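# Chains, contacts and geometry: an overview
Chain by chain, the residues:
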Amino acid sequence: MADNTTDPTNTTSSVVTPEASTVRNENLVTDHGTTVIDDTVVGKIAGIAAREVSGVANLGGGAARMWGVVRESLTASTNVQQGVNVAVQDGHASIAVAIIAEYGVAIHELAKAIRENVTQAVTRMTGLIVDRVDITVHDVNLPDMEPIDRIEPADTAATSLVQ
């Protein structure tokens, strides 16, 4: 089979533009056929991988979490794609993950760990080339604390003697 892209006189040749000059993914395009992986599949894998990272309290922004709570109450199932957006094209994936971080965690290190875990999981399970994983931190989950006005003095016995 001749390569039509190098013959300048052939009017049916395909022109390779800079946008289309992505590296061919040998995992998904073979001589025996092509594998297509839907964005939904990648979103589920990325969502589970992001939740596995210690320091992630939840995924999604305010509206996504609100709808997630409603959905869970109606269906008794968790949407593992909540807070994850994926674009798959030509064997490459770009992933965006929105998170709620646990208080006290170094957010830049958390983002790096999420990025690595998501990339590794998606690549291992799908063979896709992960071009980028963008992380958006929407909130920080604060530890359960009593309001300051309800905290009792440490030594209540000594306080009652003074009165």
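Throughout, a residue's number is its position along its own chain's written sequence, starting from 1. Per-residue local features of the predicted model are confined to residues with pLDDT of at least 70, and side-chain atom pairs are confined, for both listing and counting, to 80 or more; whole-chain, interface and lining totals are unaffected and use all residues. Processing note: side-chain calculations cover all non-hydrogen atoms of the structure and skip hydrogens and water entirely.

- Per an unreviewed UniProt entry, the recorded name for the chain is Alkaline shock protein 23, and the organism is Corynebacterium lipophiloflavum.
- The UniProt entry for the chain carries the following text under Sequence similarities (unreviewed entry): "Belongs to the asp23 family." UniProt positions are given in the numbering used here, feature names are shortened, and annotations may be inferred rather than shown by experiment.

### Points about the pairing of strand β5 (residues 92–102)
- A large share of β5 lies buried, amounting to eight of its 11 residues.
- Following DSSP output, two strands are said to pair if at least two bridges run between them. What counts as a helix is a DSSP run of H or I of at least four residues, what counts as a strand is a run of E of at least two, and both are numbered from the N terminus. Sheet analysis places strand β3 (residues 56–59) next to β5, joined by three bridges and oriented antiparallel. The partner of Asn58 across the bridge, within β5, is Ile100.
- Summarising the sheet, strand β4 (residues 84–89) and β5 pair through six bridges and their orientation is antiparallel. Within β5, the position partnered with Val88 by the bridge is Ala93.
- The hairpin formed by β4 and β5 contains two residues between the paired strands, and Asp90 there has a positive phi angle of roughly 55°.
- Pairing geometry for β5 and strand β6 (residues 129–141), over 11 bridges, is parallel. The partner of His92 across the bridge, within β6, is Ile129.
- Handedness rule for crossovers: strands pointing away from the viewer, path from the first strand over the helix to the second running clockwise, crossover right-handed. A crossover links β5 with its parallel partner β6, the connecting element being helix α3 (residues 107–126), and its sense is right-handed. Only protein chains enter the calculation, and the probe is 1.4 Å; a residue is then buried if its accessible area is under 20% of its type maximum, exposed if over 50%, and partly exposed in between.

### Comments concerning the pattern of salt bridges
- Salt bridges are counted wherever a side-chain nitrogen of Lys or Arg sits within 4 Å of a carboxyl oxygen of Asp or Glu. The full count for this structure, using the stated rule, is one salt bridge.
- When the shortest N-O distance is used, the salt bridge between Asp134 and Arg132 registers 3.0 Å.
- Assessed through its relative accessible area of 47%, Arg132 is described here as partly exposed.

### Things to note about α3
- Taking 1.5 Å per residue, 20 residues should reach 28 Å; α3 reaches 28 Å between its end C-alpha atoms and fits that length.
- Taken as a whole, α3 has its buried residues at Leu110, Ala111, Ile114, Val118, Ala121, Val122 and Thr126. Down the axis of α3, the buried set is contained in an arc of 110°. They therefore lie on one face. Facing away from the buried side of α3, by more than 90 degrees, are the exposed residues His108, Glu109, Lys112, Gln120 and Arg124.
- Contact criterion: two residues are considered in contact whenever any of their non-hydrogen atoms come within 4.5 Å of each other. Elements that come into contact with the buried residues of α3 comprise α1 (39–51), β3, β5 and β6.
- Positive phi shows up at Gly127, right after α3, with a value of about 80°. Expected span of a helix, by definition, is 1.5 Å for each gap between consecutive residues, and there is one gap fewer than residues. Think of the arc as the fan of directions from the helix axis to the C-beta atoms.

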